[in-house]
Amino acid sequence: MTKVSLDFSDAVIRLSGVKLLEGETPEDAAVRGLAIIEERLQQFESEKKNNSKRISEILDVVMALASLDYTKRATLSETPDHIDAIAGGVNMLGEELQQSTVSLKEKEVLLREIHHRVKNNLQVISSLLNLQAGQINDKIARQHYEVSHERIRAMALVHEKLYQSKDLSGIDFGNYILSLTQSLNASCNPDAKRIRLVVDVDSETPVLKIDAAIPCALILNELIMNGFKHAFPGDRKGKITVSFKKIPGEDVRYELSVSDNGVGLPEGLDPFQSASLGLQLVTVLAEQVDATLTVLGEEGTAFVLTCKCPK
Amino acid sequence: MNNTEPIFETTFDPRGFILSRVAPLAEIDLEQAKENTKYVRELSGDNVYPILVDIRKIRSISKEARDHFAMRGRKPGVTAIAMLVSSPLSRIIGNFFLGLNQPVVPTKMFTDRDMAEQWVLNAVHDEHD
């Protein structure tokens, strides 16, 4: 290492860059130099403080963006430097995010509106079928209209739940079951004391996308109506239980079942080969959602559907 | 910048391109952007030319102005855009035009004026080939 020997005045003169004036001693020049160094230090401290303030302001904007507030902007200085470049970039990102959020919200409003209109239109169709049914004298023909009315109403309810949902991507199926059973009990079960409808769903149920929600809704609608119609002939009393539960130990598999303690399926009837449109629908729709359908015939009838409901 | 100073200084280069220089510390808004577009169209007459935009001294440009220069949903008034940048701020703005606000015509960013001119001249010749 080279040894450098400088006295204090020389060092100050070098660092400050002052030039020796004519007749001036190095000590006097060092005094001038010290004043310059002091001034530079003050300037440096002031710039440091100012830069720190500007960076804090940019950080405030970044934090606002992170909390989805896109309205904050950082101020740019009169002589743009690197910090202004960061501020300008953050400001422009904020503007872009604000714009994207606005257009996303507009699309969401539009989608909600579409589901609302679909629901309204389905309800109109359903009501028309119901009115038409009232004018038909033939019992079987009238029943066909009534069943179609309920099927369409079950679909309308999916759209209603969709536009009421938080993110429009799907519906809480447990909540749907509660609404559907309530509606069916009111419209298809005139003697609710004789046939009790019991609902047993997990407190936390999966959100089903519309592709899965509509078939599952129709299956459920079909099975409950079937129970009301056939399980308790005459004055026979009983109950229909609708259950929707996560299969213990399984991650995304759920069991949807509709069971009753009624008369059971007619002797020799294979529900998978039945000529009934309702049961055919149940079989086809179960395949559509890749579900396994099991029919149990001890003490009444139980339709058990096992399906995957990804989170 | 001085309020009376024009934001853009736009001229036609006889070699076949438009040259638009953004004034020092200019803060461009939609109105000014549209005004320049109108002037470029006037200069171009019945033709469409590439443009060299010098944004080296720019201070800011609004979202609406950026979207306007991206020319989405309207007939482009230029065939290509060369952006001349130097300051960190102009580089950031230039990069927005290469990413989020990408114009519908070929766009490139340069720090060297000669290279920018060369690219624009190539674009002129490509048009004529």
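Shown above is the structure to which this text applies.
Residues numbered from 1 in each chain as written. Chains lettered and ligands numbered in written order. Predicted model: local features only at pLDDT ≥ 70, side-chain atom pairs only at ≥ 80, totals over all residues.

Q: Explain the overall build of chain A to me, please; I cannot follow it from the model alone.
A: Looking only at helices and strands, one finds seven helices and seven strands in chain A. Going from N to C terminus, chain A has its helices and strands arranged as α-α-α-α-β-α-β-β-α-β-β-α-β-β. By the burial criterion, 27% of the 311 residues in chain A qualify as buried. Restricting to contacts in chain A with at least 6 residues of sequence separation, those with at least 24 account for 61%. (Helix = DSSP H or I, 4+ residues; strand = E, 2+ residues; numbered from the N terminus. Buried ≥ 20, exposed ≤ 12 C-beta atoms within 10 Å, placed from the backbone. Contact = placed C-beta atoms within 7 Å.)

Q: Quick question: what am I supposed to make of the packing of helix 4 (residues 139–164) of chain A against helix 5 (residues 173–188) of chain A here?
A: How two helices sit against one another is set out by the angle between their axes and by the gap between those axes. Residues and elements named next belong to chain A. Packing of helix 4 against helix 5 brings their axes to within 11 Å, and their N-to-C directions diverge by 145°. Note that helix 4 runs across helix 5; the crossing there is right-handed. Residues Glu 150, Arg 153, Ala 154, Leu 157, Val 158 and Lys 161 of helix 4 form the contact with helix 5, whose own contacting residues are Asn 175, Tyr 176, Ser 179, Leu 180, Ser 183, Leu 184 and Cys 188. Taken together, the residues that form the contact of helix 4 with helix 5 break down as seven nonpolar, three polar and three charged. (Axes fitted to C-alpha atoms, helices over the stretch in contact; angles between N-to-C directions. Left-handed = near helix turned anticlockwise from the far one by under 90°. Nonpolar A, V, L, I, M, F, W, Y, C, P; charged D, E, K, R; others polar.)

Q: In this structure, what is going on with the pairing of strand 1 (residues 8–13) of chain B? I would like to understand it.
A: Two faces belong to every sheet, and in a regular strand the side chains alternate between them. Residue and element names in this part refer to chain B. Of the pairings in the sheet, the one linking strand 1 to strand 2 (residues 17–22) comprises six bridges and is antiparallel in character. Across the sheet, Thr 10 pairs through a bridge with Ser 20, a residue of strand 2. Remark: three residues form the turn of the hairpin made by strand 1 and strand 2, two consecutive strands paired antiparallel; Gly 16 in that turn has positive phi of roughly 110°. (Pairing = 2+ DSSP bridges.)

Q: Sorry if this is basic, but what is going on with the interface of chain B and chain A here?
A: One frequently used descriptor of interface size is the decrease in accessible area upon assembly of the parts. Contacts between chain B and chain A engage eleven residues on the former and eleven residues on the latter. Ranked by residues supplied to the side of chain B that touches chain A, first place goes to helix 3 (residues 88–98) of chain B with six residues. Classifying every residue of the side of chain B that touches chain A gives six nonpolar, two polar and three charged.

Q: Whenever I open this one, the pairing of strand 7 (residues 301–308) of chain A confuses me. Can you help?
A: Residues and elements named next belong to chain A. What you see with strand 7 is a clean split: Thr 301, Phe 303, Leu 305 and Cys 307 sit on the buried side and Ala 302, Val 304, Thr 306 and Lys 308 on the side with no burial. Inspection of the sheet shows strand 5 (residues 253–260) paired to strand 7 by eight bridges, in the antiparallel sense. The residue bridging Ser 259 from the neighbouring strand is Ala 302, located in strand 7. With five bridges connecting them, strand 6 (residues 292–296) and strand 7 associate as antiparallel partners. Following the sheet pairing, Thr 294 is matched in strand 7 by Val 304. Between strand 6 and the antiparallel strand that follows it, strand 7, lie four residues; Glu 299 among them carries a positive phi value of about 50°.

Q: In this structure, what is going on with the sheet that holds strand 4 (residues 238–246) of chain A? I would like to understand it.
A: All names here are of chain A. Strand order in the open sheet made by the five strands is 2-4-5-7-6, with mixed pairing throughout. Whereas interior strands pair on both sides, the edge strands pair on one side only; in this sheet they are strand 2 (195–201) and strand 6. Taking each pair of neighbouring strands and ignoring which way they run, the sheet shows an average axis angle of 10°. Bridge count for strand 4 against strand 5 is seven bridges, and the pairing is antiparallel. What sits directly across from Thr 241, in strand 5, is Ser 259.

Q: What am I meant to see in helix 1 (residues 30–44) of chain B here?
A: Because each turn of an α-helix spans 3.6 residues, side chains separated by three or four positions end up pointing in the same direction. The end-to-end C-alpha separation of helix 1 of chain B is 21 Å, in line with the 21 Å expected for 15 residues at 1.5 Å each. Positive phi appears at Gly 45 of chain B, one or two residues downstream of helix 1 of chain B, with a value of about 60°. (Expected span 1.5 Å × (residues − 1).)

Q: Got a minute to help me understand the sheet that holds strand 4 (residues 49–54) of chain B in this structure?
A: Strand pairing in a sheet relies on backbone hydrogen bonds, with the paired strands running either antiparallel or parallel. All names here are of chain B. What the five strands build is an open sheet, ordered 1-2-4-6-7; its pairing is mixed. In this open sheet, the two edge strands, each paired with only one partner strand, are strand 1 and strand 7 (107–110). This sheet shows a mean twist of 20° between the axes of neighbouring strands, independent of strand direction. In this fold helix 3 packs onto strand 6 (78–84) and strand 7, with an angle of close to 160° to the strand it touches most, strand 7.

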